[in-house]
Amino acid sequence: MLKTVVCVSGGGTNLQAIIDGIAQGAIRNVQIVRVISNNRKAYALERAGQAGIDAVCVSPKDYEEREQFNEAFLRKVEEADPDLIVLAGFLVVVPPQLIRRYENRIINIHPSLIPAFCGKGYYGLKVHEAALARGVKVTGATVHFVDEGTDTGPILMQKAVAVEDGDTPERLQRRVMEEAEWTILPKCLDLIAAGKVRVSGGQAYIEE
Ligand code: GAR
């Protein structure tokens, strides 16, 4: 069993896709051992509770110094002793000590085709606003390993989604989730748990 911690900040639809994927057998040999949110009000925490998963909140607002938050966050992860950490709509800067400690064992879902519309300031709806403002005809989602940069780690899987006439950021966000995110994130988890993913020389490889 691949013991997995899922980090969330908001609605948690990607978390739900993982929970459902495990329940339906699309994701094999994965157990979510803990859900961690930086936001006490995140609906993702409700979803975890409904699925009977241990859920905790560690908020930067509860600490005077960022370093104290980073340490507290690392402790909450280490208590769960995961093999893998999934950032599923986790919208705070990941503590650098976490990235070092779990090298090549943290994946993130990003709602664009990296390297487009990624990096500092590109998260959530802002990504789709930028894609529409640029007038791209195709966007999508990316699952990548997390390194110390923002959205710079090895790309594991991408799926393209067409932009349609009349798309609003909200409509595009929803379609990217439905057509890409909720498919590729569960798929990546299943592949990692099956031992089919290798990272080497800054690139991720799927070995079927
Ligand atoms: C998702 O679209 C995810 O790709 C994005 O936040 C949303 C969270 O939705 N993540 C980022 O922008 C990371 N840079 P969810 O809470 O419903 O899964």
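These notes cover the structure that comes with them. (Residues numbered from 1 in each chain as written. Predicted model: local features only at pLDDT ≥ 70, side-chain atom pairs only at ≥ 80, totals over all residues. Heavy atoms only, no water.)

## Side note on the pairing of strand 9 (residues 203-206)
Strand direction decides the pairing type here: strand 8 (residues 197-200) and strand 9, joined by 4 bridges, are antiparallel. Across the sheet, residue Arg 198 finds its bridge partner in strand 9, namely Tyr 205. Counted between consecutive antiparallel strands, the loop separating strand 8 from strand 9 contains 2 residues, among which Gly 201 sits at a positive phi close to 55°. (Pairing = 2+ DSSP bridges. Helix = DSSP H or I, 4+ residues; strand = E, 2+ residues; numbered from the N terminus.)

## Here's the deal with the nonpolar core
In a soluble, globular protein the nonpolar side chains are often hidden away together inside. Ranked by size, the top nonpolar core spans 37 residues in total, and within it Val 6, Leu 15 and Val 86 carry the most contacts. For this core, the element with the most residues is helix 6 (residues 169-193), which contributes 9 residues. Among all residues touching Val 86, those that are not within four sequence positions of it are Thr 4, Val 5, Val 6, Cys 7, Ile 18, Ile 107, Leu 185 and Leu 189. Judged by nonpolar contacts, the second largest core, of 22 residues, contains Val 58, Leu 74, Ala 80 and Val 146. (Core = buried A, V, L, I, M, F, W, Y, C linked by side-chain atoms within 4.5 Å. Buried < 20%, exposed > 50% of the residue type's maximum accessible area, 1.4 Å probe, protein only. Contact = heavy atoms within 4.5 Å.)

## Here's the deal with the site of the ligand
Surveying the vicinity of the ligand reveals 15 residues, the closest of which are Gly 12, Thr 13, Asn 14, Gly 124 and Glu 181. Between the ligand and the protein, one listed contact pairs an oxygen atom with a backbone N or O atom of Gly 11 at 3.4 Å. Within the backbone of Asn 14, a nitrogen or oxygen atom sits 2.9 Å from an oxygen atom of the ligand. Protein burial of the ligand: of its 450 Å² of free accessible surface, 93% is covered by the chains. (Near = heavy atom within 4 Å. Polar contact = N/O pair within 3.5 Å; in protein donor to acceptor, adjacent residues only side chain to side chain. Areas by Shrake-Rupley, 256 points an atom, 1.4 Å probe, with all protein chains shown as cover.)

## A look at the side chain of His 144
Looking at the element boundaries, His 144 is found in strand 6 (residues 138-145). In this structure His 144 touches Ile 106, Ile 107, Asn 108, His 110, Ile 114, Asp 151, Gly 153, Pro 154, Ile 155 and Leu 156, once residues within four positions along its chain are discounted.

## Focus on the packing of aromatic side chains
Each aromatic ring pair is described using two quantities: the centre-to-centre distance and the angle formed by the ring planes. By the definition in use, this model includes 4 aromatic pairs. Judged by centre distance (6.4 Å) and plane angle (55°), the ring pair of Tyr 63 and Phe 69 falls under tilted. Residue Phe 69 is classed as buried on the basis of its relative accessible area, which comes to 0%. Three or more aromatic residues joined by ring pairs form one cluster here, namely Tyr 63, Phe 69, Phe 73 and Phe 90. The residue whose ring lies beneath Arg 101 is Tyr 102, and the NZ or CZ to ring-centre distance is 4.8 Å. (Phe/Tyr/Trp six-rings, centres within 6.5 Å; stacked < 30°, edge-to-face > 60°. Lys NZ or Arg CZ within 6 Å of the ring centre and 35° of its normal.)

## Structural notes on the sheet that holds strand 4 (residues 84-87)
Reading across the sheet, the 7 strands line up as 3-2-1-4-5-6-7 and stay open at both edges, with mixed pairing between neighbours. Each edge of the open sheet carries a strand with a single partner, namely strand 3 (55-57) and strand 7 (155-162). The mean angle between the axes of side-by-side strands here comes to 20°, regardless of whether they run parallel or antiparallel. Against the sheet, helix 1 (residues 13-24) makes contact with strand 1 (2-8), strand 2 (30-37), strand 4 and strand 5 (106-110), and its axis sits at roughly 160° relative to strand 2, the strand it touches most. (Axes fitted to C-alpha atoms, helices over the stretch in contact; angles between N-to-C directions.)

## A word on the packing of helix 5 (residues 125-134) against helix 6
Viewed as axis vectors pointing N to C, helix 5 and helix 6 meet at an angle of 110°, and their least axial separation amounts to 9 Å. On the basis of the axis angle, helix 5 is roughly perpendicular to helix 6. In this structure, the crossing between helix 5 and helix 6 has a hand that is right-handed. Across the interface between the two elements, Leu 125, His 128, Glu 129 and Leu 132 from helix 5 touch Pro 169, Glu 170, Leu 172, Gln 173 and Val 176 from helix 6. (Parallel < 35°, antiparallel > 145°, perpendicular 65-115°, else oblique. Left-handed = near helix turned anticlockwise from the far one by under 90°.)

## Thoughts on the pattern of salt bridges
If you walk through the whole model with that rule in mind, you get 16 salt bridges. Across the pair Asp 167 and Arg 175 runs a salt bridge whose closest N-O atoms are separated by 2.7 Å. Pair check on accessibility: Asp 167 and Arg 175 agree, each one buried. Via salt bridges that share partners, Glu 164, Asp 167, Arg 171, Arg 175 and Glu 179 belong to a single interconnected network. (Salt bridge = Lys/Arg side-chain N within 4 Å of Asp/Glu carboxyl O.)

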